[in-house]
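Read off the chains here:
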Amino acid sequence: MEEYAREPCPWRIVDDCGGAFTMGAIGGALFQGIKGFRNAPSGMSRRFAGSLAAVKQRSPILAGNFAVWGGVFSSIDCTLVYLRHKEDPWNSIISGAATGGILAARNGVPAMAGSALIGGVLLALIEGVGILFTRLTAEQFRQHGPFEDPASLGFPGGGNPQNYQ
C-alpha cells in the first residue's frame, strides 16, 4: 500500500492554498446556490436566476477566505517543520491555533484567544480522528502468527470451520 507523500515545504503552501480555494469555491457554489434558490421570488426561472446571482456574488469571496486560511495554516506548518525538524500532529494543532489567532487579530485579544482555542481544538480533533483511523486500519491488516488459537481471536464456534456452515 503506497502512502501519500506531501510536497516539499515551499510548494506545499501553494498546493494547500490552491486546494483550499478550490474547496471554498465548490462548497460556496453549492451553499450559495441553495441559499439563492430559497431566497429568490417564486417561479422557477426567478429562482434559478437568484441562485446563479448568489453563486456569482458570494462564492469567490468564500473561496478567497478559504485560500487565505489555507495559506496561513500551511505557512505556519512549514515554519514549525523547519524549526522542530519533525512532522507530527503537534505541528498541525499549533498551526490551527496560530491561524485562528492571526486571522482574528483585527477583532482584539479576546477574539484572538477564542479563535486560537477553537482552531487548536478543531485541529486536535481532526488529527485525533486521523490517528484513530490509522490504528484501526493497521489492526485490520495485522498478520496473525501460525500457532495462534483461533478461539482467542474471537471467532464464533471456537474457530472450527465446521461450525460456520
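Residues numbered from 1 in each chain as written. Predicted model: local features only at pLDDT ≥ 70, side-chain atom pairs only at ≥ 80, totals over all residues. Heavy atoms only, no water.

## Some thoughts on the packing of helix α1 (residues 9-39) against helix α2 (residues 44-84)
Packing of α1 against α2 leaves a shortest axis separation of 5 Å and a crossing angle of 155 degrees. It follows that α1 is roughly antiparallel to α2 by the angle criterion. Of the two possible hands of crossing, α1 and α2 adopt the one that is right-handed. A breakdown of the residues in the contact of α1 with α2 according to their chemical character gives 19 nonpolar, 13 polar and 6 charged. (Axes fitted to C-alpha atoms, helices over the stretch in contact; angles between N-to-C directions. Helix = DSSP H or I, 4+ residues; strand = E, 2+ residues; numbered from the N terminus. Parallel < 35°, antiparallel > 145°, perpendicular 65-115°, else oblique. Left-handed = near helix turned anticlockwise from the far one by under 90°. Nonpolar A, V, L, I, M, F, W, Y, C, P; charged D, E, K, R; others polar.)

## Comments concerning unusual backbone geometry
Although it is not a glycine, H85 sits at a positive phi angle of roughly 60 degrees. With respect to the helices and strands, H85 occurs in the loop between α2 and α3 (89-103).

## Some points on the confidence of the model for the protein
Residue-level pLDDT values for the protein average 86, and 82% of them are 70 or greater. Mean pLDDT across the elements of the protein ranges from a minimum in helix α4 (residues 109-140), with 91, to a maximum in α3, with 95. (pLDDT = per-residue confidence, 0-100.)

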